[in-house]
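# Overview (structure and organization)
Here is what each chain is made of, one letter per residue.
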Amino acid sequence: MSNLSLYIQAVVYIAAGLNHFISPKTYLAIMPPYIPAHNLMVVLSGIAEVLLGVGLLFPATRSLSAWGLILLLIAVFPANVHMATSSRFAKLPAWLRWGRLPLQGLLIWWAYQYT
């Protein structure tokens, strides 16, 4: 994969992680009810995204960060399933709600390129 792809991926995760602190309500809204400590989970996932995104930029931490992103994407998948299946989000277009699910697979593949 090109360096441009790597830098884009790093920026995407750093920006997404920072957004957890700028717009936490967005992330809190999609938390499944069975997940405990919603605020803490949003903060921790935001920190993880920023750190793992930064870690992609350095050869010494790139592989570990890519694996961390893969695990994080798997960990947040239930929130995407909840968003797709809950009537709470029925106002959002179905293509958007359901499109996030296969997008997770694409993001996992993208991160895997740097393991």
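See the structure shown above.
Summarised in this report is the structure supplied together with it. Keep in mind that what you see is a predicted model, and the values were worked out from it rather than measured.

### Quick look at the packing of aromatic side chains
- Taken as a whole and judged by the stated rule, the model has one aromatic pair.
- Measuring from centroid to centroid gives 5.7 Å for Trp67 and Tyr112, while their planes differ by 80 degrees, and the two rings are edge-to-face. Taken together, the residues Trp67 in helix α4 (residues 59–85) and Tyr112 in helix α5 (residues 94–112) connect sequence positions 45 residues apart.

### Concerning helix α1 (residues 3–22)
- Helix length check: α1, at 20 residues, gives a terminal C-alpha distance of 28 Å against a target of 28 Å (1.5 Å per residue), a fit within 8%.
- Within the sequence span of α1, burial applies to Ser5, Leu6, Gln9, Ala10, Tyr13, Gly17 and His20. Across the axial projection of α1, the buried residues extend over an arc of 135 degrees, all falling on one side. Seen from the buried face of α1, the exposed residues on the opposite side, beyond 90 degrees, are Asn3, Leu4, Val11 and Ile22.
- The secondary structure elements touched by the buried residues of α1 are α2 (24–29), α3 (38–56), α4 and α5.

### Describing the nonpolar core
- Judged by nonpolar contacts, the single largest core of 14 residues is most densely connected at Tyr13, Leu56, Leu69, Leu107 and Tyr114.
- Those elements giving two or more residues to this core turn out to be α1, α3, α4 and α5.
- Look past the residues within four positions of Leu107 in its chain and what remains in contact with it is Tyr13 and Leu73.

So, how was this worked out
- Residues numbered from 1 in each chain as written.
- Predicted model: local features only at pLDDT ≥ 70, side-chain atom pairs only at ≥ 80, totals over all residues.
- Heavy atoms only, no water.
- Phe/Tyr/Trp six-rings, centres within 6.5 Å; stacked < 30°, edge-to-face > 60°.
- Helix = DSSP H or I, 4+ residues; strand = E, 2+ residues; numbered from the N terminus.
- Expected span 1.5 Å × (residues − 1).
- Buried < 20%, exposed > 50% of the residue type's maximum accessible area, 1.4 Å probe, protein only.
- Arc of directions from axis to C-beta.
- Contact = heavy atoms within 4.5 Å.
- Core = buried A, V, L, I, M, F, W, Y, C linked by side-chain atoms within 4.5 Å.

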